[in-house]
Protein chains: 2
Amino acid sequence: MAELKSNENIVFVGQKGTMSYVLAVVTQMNQGASEVLVKARGKAISRAVDVAEIVKNKFMTTANTDSIKISTEEISTDEGNPLKLSAIEIKIIK
Amino acid sequence: MAELKSNENIVFVGQKGTMSYVLAVVTQMNQGASEVLVKARGKAISRAVDVAEIVKNKFMTTANTDSIKISTEEISTDEGNPLKLSAIEIKIIK
């Protein structure tokens, strides 16, 4: 699927239920994506790990989640103050 | 430091403040450990990422945190029921 833009294969994990994001990853895989990047910041990082583990253990037992990067991102709070947040990127490869 | 047992270089991240664990990692490094494994389960995973990022960005800017593994562990609840929890291991190499 060379026509897919890279940002179509990213799932941003936030405050919704874990299974919403699991479904998003599985859907992208079923539509032809060979890899999906699961990204999260702050407290959602734990949920992103849950998403990757559920995809691997329940839906795609041959998938690989070995490529994991962590980083620090600086965002602005509602009051305009800078805030540093940890971030994670988990690459799920079919 | 070949005499160090491997489990002396592990920091388990739990519910305490992030800086407690940062201090534990930095202390182990200063006592001669060339690598420290930061481990966490469940909601503490986000805090483990914070610990690794703070160690790397504030205390040991040459440290490497590229070796990250995620897994699923099964534990027993207080009532004896099995519960699956995601886990993370971040290896910090001096």
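Below or above, wherever it landed, is the structure these notes cover. (Residues numbered from 1 in each chain as written. Chains lettered and ligands numbered in written order. Predicted model: local features only at pLDDT ≥ 70, side-chain atom pairs only at ≥ 80, totals over all residues. Heavy atoms only, no water.)

Quick look at the environment of Ser67(B) now. Residue and element names in this part refer to chain B. In this fold, Ser67 is placed in strand 3 (residues 64-76). Residue classification places Ser67 among the partly exposed residues on the basis of a relative accessible area of 30%. Along the primary structure Ser67 and Lys91 are separated by 24 residues, whereas in three dimensions their C-alpha atoms are 5.4 Å apart. Among residues more than four places away in sequence, those in contact with Ser67 are Glu89, Ile90 and Lys91. (Helix = DSSP H or I, 4+ residues; strand = E, 2+ residues; numbered from the N terminus. Buried < 20%, exposed > 50% of the residue type's maximum accessible area, 1.4 Å probe, protein only. Contact = heavy atoms within 4.5 Å.)

The next subject is the pairing of strand 3 (residues 64-76) of chain A. Residue and element names in this part refer to chain A. Strand direction decides the pairing type here: strand 3 and strand 4 (residues 82-93), joined by 11 bridges, are antiparallel. Of the residues in strand 4, the one forming a bridge with Glu73 is Leu85. Linking strand 3 back to strand 4 in an antiparallel pair, the connection comprises five residues, with Gly80 at a positive phi of about 90°. (Pairing = 2+ DSSP bridges.)

By the secondary structure assignment, Ser86(B) is in strand 4 (residues 82-93). Within the local environment of Ser86(B), its side chain forms a polar contact with the side chain of Asp50(A), the two groups lying 2.5 Å apart. (Polar contact = N/O pair within 3.5 Å; in protein donor to acceptor, adjacent residues only side chain to side chain.)

Attention shifts here to the relation of the copies chain B and chain A. Taken as rigid bodies, chain B and chain A are interconverted by a rotation of 180° and an axial shift of 0.0 Å, the fit giving an RMSD of 0.0 Å. What the superposition gives is, in effect, a two-fold axis relating one chain to the other. Of the C-alpha atoms belonging to chain B, the one lying closest to the rotation axis is found on Ser46(B), 2.7 Å away. A shared binding surface is used by both copies, with 100% of the interface residues of chain B retained as interface residues in chain A. (Least-squares fit on C-alpha atoms with pLDDT ≥ 70 in both.)

The next thing to look at is the interface of chain B and chain A. If you look at the interface, chain B gives 21 residues, while chain A gives 21 residues. Both sides of the chain B and chain A interface together cover about 1,400 Å² of buried area, and 58% of this is carbon and sulfur. Linking chain B with chain A are zero salt bridges. Inspection of the region where chain B meets chain A yields 11 residue pairs in polar contact (both at pLDDT 80 or more). Among the elements of the structure, helix 2 (44-59), strand 3 and strand 4 of chain B are those that each provide at least two residues to the side of chain B that touches chain A. Sort the elements by how many residues they give to the side of chain B that touches chain A and helix 2 of chain B lands first, with eight residues. The class makeup of the residues in the side of chain B that touches chain A is eight nonpolar, seven polar and six charged. (Buried area = accessible area lost by both parts, 1.4 Å probe. Salt bridge = Lys/Arg side-chain N within 4 Å of Asp/Glu carboxyl O. Nonpolar A, V, L, I, M, F, W, Y, C, P; charged D, E, K, R; others polar.)

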